[in-house]
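Architecture and fold: a report
Below are the chains, spelled out letter by letter.
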Amino acid sequence: MLGAMALEWEQIVVDSVDPISLGQWWAAALGWVVVDKTEEIIEIRPEPDRLPGLLFVPVPDGKAAKNRLHPDFRPDDHEAEIARLVSLGARRAEPVQEGQHWVTLFDPEGNEFCVLSEPRS
């Protein structure tokens, strides 16, 4: 049996039709900073020297199916955070079902993410 390797989580790569715009949107949504930007890519992080980051890279086609991976966020104020994200350009995915403790939103390119309610105790 092999021992565990020392790994550091560097970033998640996000395919995007317009990586600069989408990266800037996520930077505003998360309150993160841009740490690298060219004409084609943009990387954002919580702080300049803090990992992991999000790296937005160009792809020729838009999103075609449901994401296999999506982030969940748990804010202090559920309704206020949803309103803030929608004001930035997020869209609601569907009506919330009774008893559901999250709201699914889409970013400007249609990538799903959830805003959870009730902070963990």
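Residues numbered from 1 in each chain as written. Predicted model: local features only at pLDDT ≥ 70, side-chain atom pairs only at ≥ 80, totals over all residues. Heavy atoms only, no water.

In the annotation of an unreviewed UniProt entry, the chain is listed under the name VOC family protein and assigned to Streptomyces spiramenti.

For the rest of this paragraph, the subject is the overall build of the chain. On a plain count of helices and strands, the chain comes out with two helices and eight strands. In terms of its C-alpha atoms, the chain occupies a principal-axis envelope of roughly 45 × 40 × 30 Å. Expressed as a percentage of the 121 residues in the chain, the buried residues total 34%. Looking at the chain alone, contacts between residues at least 24 apart form 49% of all its contacts between residues at least 6 apart. Carbon and sulfur atoms provide 53% of the accessible area of the chain, an area that totals close to 8,300 Å². For the chain, the separation between the mean place of its 11 positive charges and that of its 22 negative charges on side chains is 4 Å. (Helix = DSSP H or I, 4+ residues; strand = E, 2+ residues; numbered from the N terminus. Buried < 20%, exposed > 50% of the residue type's maximum accessible area, 1.4 Å probe, protein only. Contact = heavy atoms within 4.5 Å. Areas by Shrake-Rupley, 256 points an atom, 1.4 Å probe, with all protein chains shown as cover. Lys, Arg positive; Asp, Glu negative; His and termini not counted. Charge placed at Lys NZ, Arg CZ, Asp CG, Glu CD.)

Moving on to the pairing of strand β7 (residues 102-106). Strand residues, when the strand is regular, have side chains that alternate between the two faces of the sheet. Across the five residues of β7, four count as buried, placing the element largely inside the fold. Bridge count for strand β6 (residues 91-92) against β7 is two bridges, and the pairing is antiparallel. Counted as the bridge partner of Arg92 is Leu105 from β7. Relative to strand β8 (residues 112-116), β7 is paired through five bridges, and the arrangement is antiparallel. From the neighbouring strand, Leu105 faces β8, where its bridge partner is Phe113. (Pairing = 2+ DSSP bridges.)

This paragraph deals with the nonpolar core. Among the nonpolar cores identified, the biggest contains 18 residues, and Trp26, Ile44, Phe56, Leu85, Leu105 and Phe113 are the most heavily contacted of them. Secondary structure elements with two or more residues in this core: α1 (19-30), β3 (42-45), β4 (53-58), α2 (78-88), β7 and β8. When residues of this core are assigned to their parent elements, the largest contribution, six residues, is made by α1. Excluding anything up to four places from it in sequence, Leu105 contacts Leu85, Val86, Ala90, Arg91, Arg92, Ala93, Asn111, Glu112, Phe113 and Val115. (Core = buried A, V, L, I, M, F, W, Y, C linked by side-chain atoms within 4.5 Å.)

Right, let's get into α1. The end-to-end C-alpha separation of α1 is 16 Å, in line with the 16 Å expected for 12 residues at 1.5 Å each. Backbone geometry just downstream of α1 places Gly31 in the positive-phi region, at approximately 75°. (Expected span 1.5 Å × (residues − 1).)

Moving on: the side chain of Thr104. Its location among the elements puts Thr104 in strand β7. Assessed through its relative accessible area of 14%, Thr104 is described here as buried. Excluding residues that lie within four positions of it along the chain, Thr104 makes contacts with Arg91, Arg92, Ala93, Glu94, Glu112, Phe113 and Cys114.

This part takes up the pairing of β4. The buried fraction of β4 amounts to five of the six residues, a majority that puts the element mostly inside the structure. As paired elements, strand β1 (residues 11-16) and β4 share six bridges and run parallel to each other. From the neighbouring strand, Ser16 faces β4, where its bridge partner is Pro58. In terms of strand pairing, β3 meets β4 through three bridges, oriented antiparallel. The residue bridging Ile44 from the neighbouring strand is Leu54, located in β4.

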